[in-house]
Amino acid sequence: MADNNFNLGEYLSKGVEGIVKTAIKATISDPRESVFMARYLLASRKSSERRAELEKQGEHIPLFLIASVTSTCNLHCDGCYARENHSCSDEAAFAQLSADEWEQIFKEAKDLGVGFILLAGGEPLIRKDILQKASEIPEILFPIFTNGTLLGDSYIELFDKARNLLPVFSIEGNENKTDERRGKGIYQRLIKVMDKMQENHLIFGASVTVTTENIKEVTSDDFVEDLKKRGCKVIIYVEYVPVTQDSTELALQDTEREFLNNKISHLRETYNGMIFLSFPGDEKATGGCIAAGRGFFHINSHGGAEPCPFSPYSDINVRDTSVREALHSKLFTALQDGDVLMEDHTGGCVLFEKKSQVEKLLANNTI
């Protein structure tokens, strides 16, 4: 059965510590890597203490920041939300944040106690300049949500030097399911990249968009075992958010969602050396949607601070203010104080489904 008292922050922090400790033991012959892992473990605990300190002062700092560092992507995945809402394209957009601006954001987040910054896009590997900046802040773990197709030897070298960069590869299940959504040949390219990571003793994760069509396959022991043997340490299950009326049948309903929650509980009990996350399933177990600064927030490639990637609304830009001030934006405050984040919903994202209510907050000047 699913755990209704699940503590996402505690599970994730302990899980990462476990992976880091395992990495330290596995790399005892490589003093450079062992020292890095030990330092990160200490930094992670300090981040937790910093958030606890600010919480006592009445200021809540979320564990995560999602940073969409580019709006450019080299693939055309079927049902892509970012392309549907025009926040992603083939061409480089104008007025996107520079590497130096992202570096400042990362450092501000570190000082506040943010422990994880998820790098997304578009395709984040397009912006190696930004990833280089992230590599220079070892106190923060940077999961990089990538399709993996641009990961060559130069990135292997970077990931070897900077163990705080954790590639999270998008995969939809078996070869047919993955190629059907992401393009012919993508699965085999992805497997080769995973094997290359394992050959170089590099940790990575996987991100799975869960639909009514692949839910049983991607939660099966066979699927997880295959990723585990290739070196995968983290699997993130993200419920599909329908981008058009025609795709609503792919979104999970109550029966499928209960199945997913139970399967993830099983996987957590079975695979102690791996981390399994579920969105929004873990959100519901922690008392509602954790967007808008409750558990995470989003900064888009132009600097707009948004509740989450699926709710692209902003009333403040980090170019004009600090990360700390952005966390206290009128929009975030209104969403946290209201009932929207706690409401039931049928799709994979409550703010996406309740977007008219978010738009009304902005239009009525109530924030």
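Note that the coordinates shown come from a computational prediction; the quantities given were computed from them, not determined experimentally.

**Observations concerning the packing of helix α7 (residues 175–182) against helix α8 (residues 186–199)**
Packing of α7 against α8 brings their axes to within 8 Å, and their N-to-C directions diverge by 115°. As judged from the angle between their axes, α7 and α8 are roughly perpendicular. Touching E175, T178, D179 and R182 of α7 are I186, Y187 and Q188, all from α8. Across the contact of α7 with α8, the residue classes break down as 2 nonpolar, 2 polar and 3 charged.

**With respect to the packing of aromatic side chains**
Counting across every chain of the model gives 7 aromatic pairs. With centroids separated by 6.3 Å and ring planes inclined at 70°, the aromatic side chains of F297 and F332 adopt a geometry described as edge-to-face. Within this pair, whereas F297 is found in the loop between α12 (281–285) and β8 (298–299), its partner F332 is found in helix α14 (residues 330–337), the two being separated by 35 residues in sequence. On the accessibility criterion, F297 (0% relative accessible area) is buried. Given a relative accessible area of 0%, F332 falls into the buried group. Ring pairing ties together the aromatic residues W102, F106 and F142, which thus form one cluster.

**Some points on the nonpolar core**
Core analysis: the biggest nonpolar cluster contains 93 residues, and F106, I117, L119 and Y237 have the highest contact counts within it. Among all residues touching I117, those that are not within four sequence positions of it are L65, A67, F106, A109, I140, L141, F142 and P143.

**Quick notes on the pairing of strand β5 (residues 204–210)**
Counting buried positions along β5 yields 7 of 7 residues, so the element is predominantly enclosed. Where burial is concerned, the two faces of β5 agree: the one with F204, A206, V208 and V210 and the one with G205, S207 and T209 are both buried. With 3 bridges joining them, strand β4 (residues 165–170) and β5 adopt parallel strand pairing. Within β5, the residue paired with S170 across the bridge is S207.

**So, the pattern of salt bridges**
Per the counting criterion, the structure on display carries 16 salt bridges. Taking the shortest distance from any N to any O, the salt bridge between R319 and E101 comes out at 3.1 Å. Of this pair, R319 sits in the loop between β9 (305–306) and α13 (323–327) while E101 is found in helix α4 (residues 99–112), placing the two residues 218 residues apart along the sequence. Note on R319: relative accessible area 38%, which makes it partly exposed. Exposure remark for E101: the relative accessible area of 29% places this residue in the partly exposed category. E239 serves as the salt-bridge partner of R257, at 3.1 Å between the closest nitrogen and oxygen.

**Structural notes on α4**
Taking 1.5 Å of rise per residue, 14 residues should cover 20 Å, and α4 covers 20 Å from first to last C-alpha, within 8% of that figure. Taken together, the buried positions of α4 are occupied by A99, W102, E103, I105, F106, A109 and L112. The positive-phi residue at the C-terminal boundary of α4 is G113, with phi of around 100°.

Criteria and cut-off values
Residues numbered from 1 in each chain as written. Predicted model: local features only at pLDDT ≥ 70, side-chain atom pairs only at ≥ 80, totals over all residues. Heavy atoms only, no water. Axes fitted to C-alpha atoms, helices over the stretch in contact; angles between N-to-C directions. Helix = DSSP H or I, 4+ residues; strand = E, 2+ residues; numbered from the N terminus. Parallel < 35°, antiparallel > 145°, perpendicular 65-115°, else oblique. Contact = heavy atoms within 4.5 Å. Nonpolar A, V, L, I, M, F, W, Y, C, P; charged D, E, K, R; others polar. Phe/Tyr/Trp six-rings, centres within 6.5 Å; stacked < 30°, edge-to-face > 60°. Buried < 20%, exposed > 50% of the residue type's maximum accessible area, 1.4 Å probe, protein only. Core = buried A, V, L, I, M, F, W, Y, C linked by side-chain atoms within 4.5 Å. Pairing = 2+ DSSP bridges. Salt bridge = Lys/Arg side-chain N within 4 Å of Asp/Glu carboxyl O. Expected span 1.5 Å × (residues − 1).

Nothing here speaks to function; it is geometry throughout.
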